[in-house]
Amino acid sequence: MTDVDSGAAMSPDDDFEALLAESFISQEQLEGRVVHGTVVAIENDNVVIDVGLKTEGRISIREFGKAGEEIAVGDAIEVFLERIENALGEAVISREKARREEAWNHLEVAYDKAEQVDGSIVGRVKGGFTVDLSGAVAFLPGSQVDIRPIRDITPLMGIPQPFKILKMDRRRGNIVVSRRAVLEVTLAVQRTELVSNLAEGQVLEGVVKNITDYGAFVDLGGIDGLLHVTDMAWRRINHPSEALTIGETVKVQVIRVNAETQRISLGMKQLLEDPWEGIKAKYPLSSKFNGRVTNITDYGAFVELEPGVEGLVHVSEMSWTKKNIHPGKIVSTSQQVEVMVLDVDPERRRVSLGLKQCMENPWEEFIAAHPVGSEVEGEVKNITEFGLFVGLAFELDGMVHMSDIDWDAAGEEAMKAFSKGDTVKAKVLDIDITKERISLGIKQMSGDPFSEADKMKRGNVVTCTVAAILDRGIEVTVGDGLRGFIRRADLSRDRSEQKPERFAVGDKLDAQITSIEKNTRRLALSIKAREIKEEKEAVQQYGSSDSGASLGDILGPAMGRARELADADDDDDDNAEPDYGDTQVEAVVEAEEEAPKVDAEAEVEAEPAPEAEAAPEVEAEAEAPEEEAEAEAEPEAEAPEAEEKKED
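Keep in mind it's a predicted model, so treat the numbers as computed, not measured.

Scoring rules and cut-offs
- Residues numbered from 1 in each chain as written.
- Predicted model: local features only at pLDDT ≥ 70, side-chain atom pairs only at ≥ 80, totals over all residues.
- Heavy atoms only, no water.
- pLDDT = per-residue confidence, 0-100.
- Contact = heavy atoms within 4.5 Å.
- 1 Å grid on protein atoms, 1.4 Å probe; cavity = no way out; pocket = protein on both sides within 12 Å on 5 of 7 lines; lining within 4 Å.
- Points joined across faces, edges and corners; volume = space filled by probe spheres on them.
- Helix = DSSP H or I, 4+ residues; strand = E, 2+ residues; numbered from the N terminus.
- Nonpolar A, V, L, I, M, F, W, Y, C, P; charged D, E, K, R; others polar.
- Salt bridge = Lys/Arg side-chain N within 4 Å of Asp/Glu carboxyl O.
- Buried < 20%, exposed > 50% of the residue type's maximum accessible area, 1.4 Å probe, protein only.
- Pairing = 2+ DSSP bridges.
- Axes fitted to C-alpha atoms, helices over the stretch in contact; angles between N-to-C directions.
- Polar contact = N/O pair within 3.5 Å; in protein donor to acceptor, adjacent residues only side chain to side chain.
- Phe/Tyr/Trp six-rings, centres within 6.5 Å; stacked < 30°, edge-to-face > 60°.
- Lys NZ or Arg CZ within 6 Å of the ring centre and 35° of its normal.

A. Looking closely at the confidence of the model for the chain. Across the chain, pLDDT averages 76, with 75% of residues at or above 70. Confidence drops under pLDDT 50 across residues 1-9; counting only partners more than four residues distant or on other chains, this segment forms one contact. Here residues 568-648 is a poorly scored stretch, pLDDT under 50, and it has 83 contacts once near neighbours within four places are set aside; other chains count.

B. Broad picture of empty space enclosed by the protein. Applying the stated criterion to the full structure yields one cavity of 30 Å³ or more. Forming the walls of the largest cavity are Val293, Ala301, Val303, Val313, Met318, Val331, Val337, Val339 and Leu355. Going through the elements one at a time, strand S17 (300-306) and strand S19 (336-345) are the ones with two or more residues in the lining of the largest cavity. Partitioning the lining of the largest cavity into residue classes produces nine nonpolar, no polar and no charged.

C. Geometry of the pattern of salt bridges. Summed over all chains, the structure comprises 14 salt bridges. The residue Arg292 makes a salt bridge to Glu304 at a minimum N-O spacing of 3.1 Å. On the criterion of sequence distance, the pair formed by Arg292 in strand S16 (residues 288-296) and Glu304 in strand S17 is long-range, its members being 12 residues apart. When its relative accessible area of 16% is taken as the criterion, Glu304 is described as buried. Arg530 is the partner of Glu534 in a salt bridge, and the nearest nitrogen-oxygen pair spans 3.5 Å. On the criterion of helical spacing, the pair formed by Glu534 and Arg530 is a turn pair, its members being four residues apart in helix H9 (residues 527-542). Glu534 sits in the buried class, given a relative accessible area of 16%.

D. Looking closely at the sheet that holds strand S15 (residues 263-267). Reading around the circumference, S11-S12-S13-S15-S14 is the order of the five strands in this closed barrel, with mixed pairing throughout. With strand direction ignored, the average angle separating the axes of adjacent strands in the sheet is 50°. As paired strands, strand S12 (residues 215-219) and strand S13 (residues 224-228) are joined by five bridges and run antiparallel to one another. Considered in S13, the bridge of Val218 is made with Gly225.

E. How the structure looks around the sheet that holds S16. The mixed closed barrel is built from five strands, whose spatial order is S16-S17-S18-S20-S19. With strand direction ignored, the average angle separating the axes of adjacent strands in the sheet is 55°.

F. Region of interest: the environment of Thr154. Secondary-structure assignment places Thr154 in the loop between strand S8 (136-141) and strand S9 (161-169). Separated by 2.8 Å, the side chains of Thr154 and Asp152 make a polar contact.

G. Looking closely at the pairing of strand S11 (residues 203-211). Summarising the sheet, S11 and strand S14 (residues 249-258) pair through five bridges and their orientation is antiparallel. In the strand pairing of S14, Val203 is matched with Gln253. Bridge count for S11 against S12 is four bridges, and the pairing is antiparallel. Within S12, the residue paired with Ile211 across the bridge is Ala216. Taking the residues between adjacent antiparallel strands as the criterion, S11 and S12 are bridged by three residues.

H. Inspection of unusual backbone geometry at higher detail. Despite not being glycine, Ala114 shows a phi value in the positive range, around 55°. With respect to the secondary-structure elements, Ala114 resides in the loop between helix H4 (95-112) and strand S6 (116-125).

I. The arrangement of the packing of aromatic side chains in detail. Taken as a whole and assessed by the stated rule, the structure comprises three aromatic pairs. A centroid spacing of 4.9 Å and a plane angle of 70° characterise the contact between Tyr283 and Phe289, whose relative ring orientation is edge-to-face. Overall, Phe289 belongs to the partly exposed group, its relative accessible area being 24%. A ring pair is formed by Tyr299 and Phe302, whose centres lie 6.4 Å apart and whose planes are at 85°; its orientation type is edge-to-face. Residue classification places Tyr299 among the partly exposed positions, given a relative accessible area of 43%. Judged by relative accessible area, Phe302 falls into the buried class, the value being 17%. Lying over the aromatic face of Phe302, Arg236 brings its terminal NZ or CZ to 4.9 Å of the ring centre.

J. Looking closely at the pairing of S16. Judged from the five bridges that link them, S16 and S19 form a sheet pairing that is antiparallel. Looking across to S19, one finds that Arg292 is bridged to Gln336. Here S16 pairs with S17 via four bridges, running antiparallel. Paired with Asn295 across the two strands is Phe302, which belongs to S17.

Dropping the structure here:
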């Protein structure tokens, strides 16, 4: 049998089976797809739709109501076929899923072409909102609702508006859309067009769209401009909400336009009269005005003289007496104060004011009560490294510099004698109102003991009082506390007597001034120089080595004169002092010792005896400031010894 014969010989049962199998395959492929149907009846709340395949299905009429569709018998409609037959023998269909599938197909095309799609915000979820895109439900994040955050989204609910698809995943049924992206594109077009038509100085009307801490954004009809808080009014505004409210229509002037960044700066105060015009005429220097404290800072307080005009009262101009204090402890915000105009700068728009100038000046009162040279008394308020601060009358402070505490002691040593709270007396040395300084002196309360040194001269013999015994000499006082010092080598002409311990504190002695040291405020004294000076005076008075007088010629008249003075002293009833004092008598005695010097020197010079070596020793002992005098005197003092050795 051939193939043709076999094919022709197929039975009708085989053909029916093949057709039936093909029919079942096509029906299974239709499930899960959108199919065309016809409305055959509307029964109560259900719509009966014939989807072919000799099968009908039912859909709740509410699915059509949600979408706003009107349905009637005979209308052709697309539905989603979930199952061909259920337990009741009816097809399971859905109009809502059909619309969703249709929407997904349309959204995929729009997403691929980056086109906008229409939708409506229908609900709120965590982190954003739900949007109905013609049956497909999408997610709208909160940050993508508008260009700027919106507090109330109610006016946007249910209103059809364009969206841009940012992301979609059909398998997961996830769609993310953005309204902000659409607005940015629209705004960019509008902004470019509006910016090109704007010019500085142009006056426009706008609506306050948003208020921040630094200003307000004004909608100029598709583009926003910034109205900074400093450009709202000439007066001080702490927060923009004090002058504006959201939704308010305002008239503004264009201050600046940046074409590149498309930023617009607006101003309101520029439309008002500038209160700084003619400011110097309105507020002349040294004039007084009443104002209100508007702001307090660390460096001063701002006082409003009129709306738009404020002046600064620097902290240094607030009080005559209170220094280094915060302005908030002197004035308070909103306080009415009287101030004086100190300076006006129209270009920089600054006015300098003074608060203390409207009060009594305690410095003038202090000068009237305590002029320079007067004595004051006060409490030590503070001790610094350079002096003492003393509290005085009228709440003022005076300073005693460390150099004005004591005449003799060093500044740092003198300050150790004082502590806070001590009451001191001082003399007013100087008052500087400009710098607000009062200079005081404690040592000036007593006379300067060194002033007596101006009356003294080098070479004068003065009476001293031993004040202290030291290894290197003795400290003495002259007159009213003038200090002096006698070195060990100057305590006596005789080396054996050059011992500080042979003196006692309180002893009186005479010494010659060898130098006046003004830097150290001390006198340099010498007993040795005084002895040499007295010896010279005796030699000059009673004779000299050059005259050739003998010892008897010198001592005879001297002794006779001494006897006459003694007799006259005994006969005098009134015990009157002789014309020659003890010093002169001592000079006579010294003259007796010195008389042989003339011959002794000659003999020593004539013979190179060993005794002649004494002269250099004495000469070496001689010290300043009377080196020459001592050099002459010492060899003469050694002459008697040389003579005695020769006689031996």
